[in-house]
There are 2 protein chains.
Amino acid sequence: MASAVDTTLLASRLRLALGQLVRRLRAEHRFPLTQSSVLGRLDREGARSIGDLAALERVRPQSMTQIVADLEGCGLIERRSDPSDGRRALVVLTERGQQTLTEDRRHREGWLAHAVAEDLSPREQRLLADALPLLERLAED
Amino acid sequence: MASAVDTTLLASRLRLALGQLVRRLRAEHRFPLTQSSVLGRLDREGARSIGDLAALERVRPQSMTQIVADLEGCGLIERRSDPSDGRRALVVLTERGQQTLTEDRRHREGWLAHAVAEDLSPREQRLLADALPLLERLAED
DNA sequence: TATTGTTATACTCTATAACTATA
DNA sequence: TATAGTTATAGAGTATAACAATA
């Protein structure tokens, strides 16, 4: 059996690495993290209400209103009123949003994808891919 | 040989997970990420100038000035003028900063350490620990 | 003149509180 | 009255620009 992991130390180093990575990402990417995240989610999962998006992205509904307004201003998403409930606004990707997202992916989403592709060996990429679901679980709940 | 990793997709999912994790961390921790990072670094590596800290944490010197001023306001660090260069200000942990840091660690640094300890199996903790150096390398350069 | 650090100011992202509209 | 969303405002965190002090 492998030696036990010091979870406190692990968390501490993870937090440090996360902070630096996010600062680098913010400097490199065209879209704020949450906006990018919302675009990707709409692409993968289809139309969503603002409240749903807020819950999924773990921001307040008021914050999501602003995020959606910004994306709408860029022409990347559209609102469609829910026919069954006049209060709800469904958010969908526009064609331009779809294109922008695809472009972004095709260009490897900038710095991070480049770093993953260039600085990590195939074996290390595999290791990171295996560990990623753990990060996603930690982020989920 | 294992199948090749889609680095674009990997980067995309990693970015998503990072965004959510950082939002959760920001909500859970007593110190902003960078302040916490600076305290930990001073503890591990000893006195550092403001310019050095800025470079290491990848923020602007002006931002580090503010961060150090906040930490000084809380009594967690002290400035000492460098006897060999009157321009430089060396930043050192105070006893209280040391205590605060130790406390924080002892309490598992809050949410993240708890999540790592509770939500991940020992095997998964090991996997995350193995992948962590990769994240640190990505954050480094 | 180059380097270290500070001050002043502004921008980005998200939060809280109060409000409107629909159910 | 409860729910979905918006508007207004504030706060944290970091950036850029202009400046002061020392080398």
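Residues numbered from 1 in each chain as written. Chains lettered and ligands numbered in written order. Predicted model: local features only at pLDDT ≥ 70, side-chain atom pairs only at ≥ 80, totals over all residues.

**Regarding the overall build of chain A**
- From N to C terminus, chain A includes seven helices and three strands.
- The linear arrangement of helices and strands in chain A, starting from the amino end, is α-α-β-α-α-β-β-α-α-α.
- Taken along its principal axes, the extent of the C-alpha atoms in chain A is 60 × 30 × 25 Å.
- In chain A, which comprises 141 residues, the share counted as buried stands at 34%.
- For chain A, the proportion of contacts with a sequence separation of at least 24, taken over those separated by at least 6, is 43%. (Helix = DSSP H or I, 4+ residues; strand = E, 2+ residues; numbered from the N terminus. Buried ≥ 20, exposed ≤ 12 C-beta atoms within 10 Å, placed from the backbone. Contact = placed C-beta atoms within 7 Å.)

**Some points on the relation of the copies chain B and chain A**
- Structural alignment of chain B on chain A gives an RMSD of 0.1 Å, achieved by rotating through 180° and translating 0.0 Å along the axis. Both chain copies can therefore be described as sitting about a two-fold axis.
- A shared interface surface links the copies, since 100% of the contact residues of chain B are contact residues in chain A too. (Least-squares fit on C-alpha atoms with pLDDT ≥ 70 in both.)

**Considerations on the protein's contact with DNA strand D**
- Taken together, 23 residues surround DNA strand D, and among them A:G51, A:Q62, A:T65, B:P32 and B:G86 come closest.
- Of all the elements in the fold, those that place two or more residues in the surface near DNA strand D are α3 (50-57) and α4 (61-73) of chain A together with α2 (33-45) and α4 (61-73) of chain B.
- Here the surface near DNA strand D is composed, by residue class, of eight nonpolar, nine polar and six charged. (Near = placed C-beta within 6 Å. Nonpolar A, V, L, I, M, F, W, Y, C, P; charged D, E, K, R; others polar.)

**Regarding the interface of chain B and chain A**
- Listed by partner, the interface residues are 54 residues for chain B and 54 residues for chain A.
- Of all the secondary-structure elements, those providing two or more residues to the side of chain B that touches chain A are α1 (7-28), α2, α6 (111-119) and α7 (122-140) of chain B.
- In terms of residues, the side of chain B that touches chain A owes the most to one element, α1(B), which gives 18 residues.
- Of the residues that constitute the side of chain B that touches chain A, the class distribution is 30 nonpolar, ten polar and 14 charged.

**Observations concerning helix α6 (residues 111-119) of chain A**
- Listed in full, the buried residues belonging to α6(A) are A:L112, A:A113, A:A115 and A:V116. The buried residues of α6(A) all sit within an arc of 160° when viewed along its axis, so they share a single face.
- Against α1 (7-28) and α7 (122-140) of chain A together with α1 and α7 of chain B lie the buried residues of α6(A). (Arc of directions from axis to C-beta.)

**What about the sheet that holds strand β1 (residues 48-49) of chain A?**
All names here are of chain A.
- With respect to topology, three strands assemble into an open sheet ordered β1-β3-β2, the strand pairing being antiparallel. Whereas interior strands pair on both sides, the edge strands pair on one side only; in this sheet they are β1 and β2 (77-81).
- In the sheet, β1 pairs with strand β3 (residues 89-93) via two bridges, with the strands oriented antiparallel. Across the sheet, S49 pairs through a bridge with L90, a residue of β3. (Pairing = 2+ DSSP bridges.)

**Focus on helix α2 (residues 33-45) of chain A**
Residue and element names in this part refer to chain A.
- Taking 1.5 Å as the rise per residue, α2 with 13 residues should run 18 Å; its terminal C-alpha atoms sit 18 Å apart, in good agreement.
- Among the residues of α2, T34, Q35, S36, S37, V38, L39 and L42 are the ones counted as buried.
- Directly after α2, the chain includes G46, whose backbone phi takes a positive value near 85°. (Expected span 1.5 Å × (residues − 1).)

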